[in-house]
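Single-letter residue listing:
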Amino acid sequence: MAEMPLLQVRHLTTEFLLPGKGAARALEDVSFDVYPGQTIGLVGESGCGKTTVLMSILRLLPTQAQISGRVLFRGLDLLALSERQMREYRWKEIAIVFQGAMNALNPVMSVGEQICEAITLHGLMPRREAEARTGELLELVGIPKERGVQYPFQYSGGMRQRAMIAMALACSPCILFADEPTTALDVMVQAQILELLGNIQRKMGLAIVLVTHDLGVVAEMCDMVVVMYGGKVAEYGPVDRIFNNPQHPYTQKLLEAFPDLAQPVASLASIPGAPPRLSELPPGCRFAPRCHVCLPQCASEAPPLLEIAPGHFSACHLCKS
Amino acid sequence: MSRRTYLLRKLIFALVTIFVVLVINFVLFRVLPGDPVRAVIGRNVKISAEAQQALRQQFGLDKPIFPDQFLDTLRQWAQGNLGISWSLRRPVAEILMSKLGNTLLLIGLGQLLSIILGVFLGLFAGWKRKTVFDVAALTFSLIAWATPTFWLGIILLAAGSSWLGLPTGGIVSPENVGKPLYTVLPDLARHLVLPTLTLTILYLGEYMLIMRSSILEVLSEDYILTAKAKGMSPWQVLWRHALKNAMLPIVTIVALNLGFTVSGAIYIETVFSYDGLGKLFQTALVKQDYPLLQGAFLLLAVSVIVANFLADILYTALDPRVKAN
């Protein structure tokens, strides 16, 4: 790919300082690229650090979080900016759609006002034009613009998520973070929201970073996929390679655990054991205690993330470049 | 449901409550011991039985309590006639009205100060959680909330009068008694300092604590994260998104307090010999002045109901969800 990546995440490491208990390492050495117009999926079990990646990039974590590494947005390190400078990039360049649209909107402010506020905050246009744009944005996500004066409690769950998407588009960002955007919604609405995201991406050439644990969604929407385990990248590469030729044992198990409509089975495969606790991580490979092909060295030596094929990375002692 | 229907419903509810209060107030003072006629004639036992009977007829006390006396009382109350005070020999309504202004001045000032200070200090304490300021504010709030009214009043009275030379009681100095209040403002202000300070400290603790916990709860909500993600400064987040949500519990507490402080001022007015309703109630109670007490009860109950109704109106302005339920 000749194009410059919009966002280059390099060795992103996030630790939470716990008073009297040292530090919990939520992320370690996470690296990936986001290209314009591309959709990249972050997948993994609950607590593997998917959401923390997004929050670390936007620097929205509480103050006891220590973030290191580099997050290059068009070559500029976001982690090196002052808090005041960082605010310029939030929403205007990178917007985010949160998981629970139920509570992500302010209950005592009208939906239209919340969208309009995002536009005027960044001084993109005067108030009157911002109001007109708010109407357009609502129509774009399929909400009649007259409903902008209503409050979130007057919206259904799906409408709130649509409004949230409209709000995310307010400043025409070049990257959209979507943190499990369909989790709290029923299946029909889920499909509508994903379709909406896809349409908007095509229309606006938006790059999307999609956090999800639904591999079906990844297969359908994503170009690239980052499989995460215990705060580290287990495998990273183009979606068809990861799905057809998974190299990391965790990815293999994850895909086995996913139901296949073509060949239904009586009971789904599962991965025995539980993900590691962030405060007591195993010294070697984090997946070693649950791995079905574990080698002696896996318990002591952490495998590096190696490029095993062009653009396909995997962190496993069994994989050779 | 529209805002008008909502408020209309609340208004009807308030009126019904007032009617229930009227009934209870009527019954309560009919079951209390004592004979009004004996109270009027006092120790003058020489009045003949016929004269006493005439008095009874004159006041309608010979008629059955229900419905005649009850309806008659309601009619009188509706006309603003709350009866004659036994101890002061003046119409109850007139006495209450003459003291109401003084009490509202004291309570109004004290509540206004404690609400403004409490909201902002509580907001700041919650925002700067676990800092020295927060710990200090929390400690002060707990002590202030737990302090008995009369004790704080006496301590402030002693300290303020001996060190700052502030007056120990009354509303104005003796030489200014009887003059219109607005002509003696500096003197009035000096008299108001200590009782207002006592009232402010007492309620400040409560408002700070509630505001602090309210803002902490609000700041952990998802929409606050959304506001931060939009690129808002901490101050904008607090002002535009957190404050209005965090104010809701305060409105309820203030509304309840406003009703009750009319009676809560009893301690403060007594300690500072402040000539208001609280002191009047205490006198009425000591002298077993039933008509005055009855009027006082009515005023208290109505002020609680009115304060609640005002809170309902304020709620509709603050929280759009209220109208829906």
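Residues numbered from 1 in each chain as written. Chains lettered and ligands numbered in written order. Predicted model: local features only at pLDDT ≥ 70, side-chain atom pairs only at ≥ 80, totals over all residues. Heavy atoms only, no water.

Draft legend 1. Structural view of the overall build of chain B. In terms of regular secondary structure, chain B is built from 13 helices and zero strands. What you see in chain B, going N to C, is helices and strands ordered as α-α-α-α-α-α-α-α-α-α-α-α-α. In terms of overall dimensions, chain B has C-alpha extents of about 85 × 60 × 35 Å along its principal axes. Expressed as a percentage of its 325 residues, the buried residues of chain B come to 43%. Long-range contacts, defined here as pairs at least 24 residues apart, represent 75% of the contacts in chain B between residues at least 6 apart. When the accessible surface of chain B is split by element, carbon and sulfur atoms take 68% of a total near 17,200 Å². (Helix = DSSP H or I, 4+ residues; strand = E, 2+ residues; numbered from the N terminus. Buried < 20%, exposed > 50% of the residue type's maximum accessible area, 1.4 Å probe, protein only. Contact = heavy atoms within 4.5 Å. Areas by Shrake-Rupley, 256 points an atom, 1.4 Å probe, with all protein chains shown as cover.)

Draft legend 2. Structural view of the overall build of chain A. Across its full length, chain A holds 10 helices and 12 strands. Taking 20 Å as the expected radius of gyration for a compact globule of 321 residues, we find that chain A reaches 20 Å, a close match to that expectation. Once the C-alpha set of chain A is aligned to its principal axes, its extents read approximately 65 × 50 × 45 Å. In chain A, buried positions account for 54% of the 321 residues. For chain A, restricting intrachain contacts to residue pairs at least 6 apart in sequence, the fraction spanning at least 24 positions comes to 63%. For chain A, the accessible surface area stands at approximately 14,300 Å², while carbon and sulfur atoms represent 53% of it. For chain A, the centre of its 27 positive side-chain charges and the centre of its 31 negative side-chain charges are spaced 4 Å apart. (Rg over C-alpha atoms; globule rule 2.2 N^0.38 Å. Lys, Arg positive; Asp, Glu negative; His and termini not counted. Charge placed at Lys NZ, Arg CZ, Asp CG, Glu CD.)

Draft legend 3. Here's a closer look at the nonpolar core. Counting residues in each nonpolar core, the largest one holds 100 residues, and the members touching the most others are Leu7, Phe32, Ile57, Trp91, Ile175 and Phe177 of chain A. Top contributing element to this core by residue count: helix 6 (residues 157-168) of chain A, with seven residues. Counting residues in hydrophobic clusters, the runner-up holds 40 residues, among them Leu152, Ala227, Val237 and Ile250 of chain B. (Core = buried A, V, L, I, M, F, W, Y, C linked by side-chain atoms within 4.5 Å.)

Draft legend 4. Geometry of the sheet that holds strand 6 (residues 94-97) of chain A. Residue and element names in this part refer to chain A. Strands sit in the order 6-7-8-3-9-10-12-11 across an open sheet of eight strands; the sheet is mixed. What marks the edges here is a single partner per strand, and that holds for strand 6 and strand 11 (306-309). Averaged over all neighbouring strand pairs, the angle between strand axes comes to 20°, with direction disregarded. Pairing analysis gives four bridges linking strand 3 (residues 39-43) to strand 9 (residues 224-229), with the strands arranged parallel. (Pairing = 2+ DSSP bridges. Axes fitted to C-alpha atoms, helices over the stretch in contact; angles between N-to-C directions.)

Draft legend 5. Structural detail: the packing of aromatic side chains. Residue and element names in this part refer to chain B. For the coordinates displayed, the defined rule picks out 12 aromatic pairs over all chains. Here the aromatic rings of Phe124 and Trp127 are separated by 6.3 Å at their centres, their planes lie at 70°, and the arrangement is edge-to-face. In this pair, Phe124 and Trp127 both sit in helix 5 (residues 92-127), three residues apart, roughly one turn of the helix. The partly exposed category is assigned to Trp127, whose relative accessible area is 25%. (Phe/Tyr/Trp six-rings, centres within 6.5 Å; stacked < 30°, edge-to-face > 60°.)

Draft legend 6. Broad picture of the interface of chain B and chain A. Residue-level contacts link 21 residues of chain B with 25 residues of chain A. When the two sides are added together, the surface that chain B and chain A hide from each other amounts to roughly 2,100 Å², 64% of it contributed by carbon and sulfur. The residue Arg240 of chain B makes a salt bridge to Glu117 of chain A at a minimum N-O spacing of 2.5 Å. Counting the contacts that link chain B with chain A gives 11 residue pairs in polar contact (both at pLDDT 80 or more). (Buried area = accessible area lost by both parts, 1.4 Å probe. Salt bridge = Lys/Arg side-chain N within 4 Å of Asp/Glu carboxyl O. Polar contact = N/O pair within 3.5 Å; in protein donor to acceptor, adjacent residues only side chain to side chain.)

Draft legend 7. Region of interest: a nonpolar patch on the surface. All names here are of chain B. The grouping of Leu8, Leu11, Ile12, Leu15, Val16, Phe19, Val20, Ile24, Val27, Leu28, Val31 and Phe297 at the surface amounts to a nonpolar patch, some 1,100 Å² of accessible area in total. The biggest single contributor to the nonpolar patch is helix 1 (residues 3-31), with 11 residues. With respect to the helices and strands, the residue Leu15 is situated in helix 1. (Patch = residues over 30% accessible without salt bridge, like charges linked within 9 Å, V, L, I, M, F, W, Y side chains within 5 Å.)

Draft legend 8. Structural detail: the sheet that holds strand 5 (residues 76-77) of chain A. Residue and element names in this part refer to chain A. Taking strand neighbours across the sheet as the criterion, the four strands line up as 2-1-4-5 in an open arrangement whose pairing is antiparallel. Sheet topology places strand 2 (22-34) and strand 5 at the edges, where each strand pairs with a single neighbour. One ladder, built from eight bridges, connects strand 1 (residues 7-18) with strand 4 (residues 65-73); its direction is antiparallel. Counterpart to Thr14 in the pairing with strand 4 is Ile67. Lying on the sheet, helix 1 (residues 50-58) is in contact with strand 1, strand 2 and strand 4; it crosses strand 1 at an angle near 100°.

Draft legend 9. Structural view of the domain arrangement of chain B. Residues and elements named next belong to chain B. Annotation of chain B at the domain level lists domain 1 (3-78) and domain 2 (92-324). Using only C-alpha atoms to locate each centre, domain 1 and domain 2 end up separated by 33 Å. Domain 1 puts 17 residues into the contact, and the matching count from domain 2 is 15 residues. Carbon and sulfur atoms supply 75% of the area buried between domain 1 and domain 2, which totals about 1,600 Å² over both sides. Broken down residue by residue, the surface that domain 1 buries against domain 2 is led by Arg3, Tyr6 and Phe29, which jointly contribute 37%. Taken together, the links from domain 1 to domain 2 amount to zero salt bridges. Inspection of the region where domain 1 meets domain 2 yields one residue pair in polar contact (both at pLDDT 80 or more). It is helix 1 that provides the largest number of residues to the side of domain 1 that touches domain 2, a total of 14 residues. (Domains from an automatic or database assignment.)

Draft legend 10. Structural context of the pattern of salt bridges. Under the defined criterion, the tally for this structure stands at 21 salt bridges over all chains. The salt bridge partner of Arg127 of chain A is Glu131 of chain A, with a shortest N-O separation of 2.8 Å. Here Arg127 of chain A and its partner Glu131 of chain A are both found in helix 5 (residues 127-140), four residues apart, which amounts to about one turn of the helix. The salt bridge involving Arg90 of chain B is made with Glu94 of chain B; its shortest N-O contact spans 3.4 Å. Salt bridges sharing partners connect three or more residues here, namely Glu113, Glu117, Arg127 and Glu131 of chain A together with Lys230 and Arg240 of chain B.

Draft legend 11. Layout of the packing of helix 6 (residues 132-146) of chain B against helix 8 (residues 185-219) of chain B. Residue and element names in this part refer to chain B. Between helix 6 and helix 8, whose axes approach to 8 Å, the crossing angle comes to 130°. With respect to helix 8, the axis of helix 6 lies oblique. Pair helix 6 / helix 8 crosses with left-handed handedness. Each of Asp134, Ala137, Leu138, Phe140, Ser141, Leu142, Ala144 and Trp145 in helix 6 lies in contact with helix 8, whose residues at this interface are Ile201, Leu202, Leu204, Gly205, Glu206, Met208, Leu209 and Arg212. Class assignment of the residues belonging to the contact of helix 6 with helix 8 gives a composition of 11 nonpolar, two polar and three charged. (Parallel < 35°, antiparallel > 145°, perpendicular 65-115°, else oblique. Left-handed = near helix turned anticlockwise from the far one by under 90°. Nonpolar A, V, L, I, M, F, W, Y, C, P; charged D, E, K, R; others polar.)

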